Amino acid sequence: MSVKRITVDIQTHDVAALQSFYETVFGLSSVMNMGWVATMANGQTAPIQVTLAEEGGSGAPMPDLSIEVEDVDAIHAKVLALGHDIEYALTDEPWQVRRFFLRDPAGKLINVLSHVG
């Protein structure tokens, strides 16, 4: 038996607002919406990955989820333009990742990253 998919489940009292956040910031689309629950996707299949860590690296808190993007600088600029607070500044980490953290409307800490080098 092999794992086919792992999903991130985020509890919220406002599904529509959270859905709008992930659509606007990350370009995800709704692939299922029943009002009380919505599933967002980008139409691509991604490898399964579960990260286990003592902390978030470089003294940062442990994020609730990580989203790898093609252009972290573009997403960072979009997030700032939308007025979202940055929880961990845009940083080039020693493990060849450029990243920043922000919170979604449900309060989840998101590590937004691109691999560099």
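What you see is a predicted model; the values in this text were computed from it and never measured. (Residues numbered from 1 in each chain as written. Predicted model: local features only at pLDDT ≥ 70, side-chain atom pairs only at ≥ 80, totals over all residues. Heavy atoms only, no water.)

Visitor: Is there a simple way to think about the overall build of the protein in this case?
Guide: Summing up its helical and strand segments, the protein has 2 helices and 6 strands in all. Mapped from its N terminus to its C terminus, the protein presents α and β elements in the order α-β-β-β-α-β-β-β. Relative to the 2.2 N^0.38 estimate, which gives 13 Å for 117 residues, the radius of gyration of the protein is 15 Å and therefore close to what a compact globule would have. In the protein, which comprises 117 residues, the share counted as buried stands at 28%. Long-range contacts, defined as pairs at least 24 residues apart, comprise 49% of the intrachain contacts of the protein with a sequence gap of at least 6. Summed over all atoms, the accessible surface of the protein reaches about 8000 Å², with 51% contributed by carbon and sulfur. Charged side chains in the protein number 7 positive and 15 negative. The centres of these two groups are separated by 6 Å. (Helix = DSSP H or I, 4+ residues; strand = E, 2+ residues; numbered from the N terminus. Rg over C-alpha atoms; globule rule 2.2 N^0.38 Å. Buried < 20%, exposed > 50% of the residue type's maximum accessible area, 1.4 Å probe, protein only. Contact = heavy atoms within 4.5 Å. Areas by Shrake-Rupley, 256 points an atom, 1.4 Å probe, with all protein chains shown as cover. Lys, Arg positive; Asp, Glu negative; His and termini not counted. Charge placed at Lys NZ, Arg CZ, Asp CG, Glu CD.)

Visitor: Explain the environment of Asn111 here, please?
Guide: Tracing the backbone through its elements, the reader meets Asn111 in strand E6 (residues 109-115). When the C-alpha positions of Asn111 and Pro63 are compared, they lie 5.9 Å apart, and in sequence the two are 48 residues distant. The contacts of Asn111, once residues within four sequence positions are left out, are Pro63, Leu65, Ser66, Ile67, Arg99, Phe100 and Phe101. Side-chain polar atoms of Asn111 contact the side chain of Ser66, separated by 3.0 Å. (Polar contact = N/O pair within 3.5 Å; in protein donor to acceptor, adjacent residues only side chain to side chain.)

Visitor: What's the story with the sheet that holds strand E5 (residues 97-103) in this structure? I'm lost.
Guide: The strands that make up a sheet are held in pairs by hydrogen bonds between backbone atoms, and each pair lies either parallel or antiparallel. The strand order across the open sheet built from 4 strands is E3-E6-E5-E4, with neighbouring strands paired in mixed fashion. In this open sheet, the two edge strands, each paired with only one partner strand, are strand E3 (65-68) and strand E4 (86-93). Mean inter-strand twist for the sheet, computed between neighbouring axes without regard to direction, equals 20 degrees. Pairing of E4 with E5, which is carried by 5 bridges, proceeds in the antiparallel orientation. What sits directly across from Tyr88, in E5, is Phe101. Here helix H1 (residues 15-26) sits on the sheet and contacts E3, E5 and E6; the angle it forms with E6, its principal contact strand, is near 20 degrees. Its contacts with the sheet place helix H2 (residues 72-81) against E4, E5 and E6, and it is angled at close to 25 degrees to E5. (Pairing = 2+ DSSP bridges. Axes fitted to C-alpha atoms, helices over the stretch in contact; angles between N-to-C directions.)

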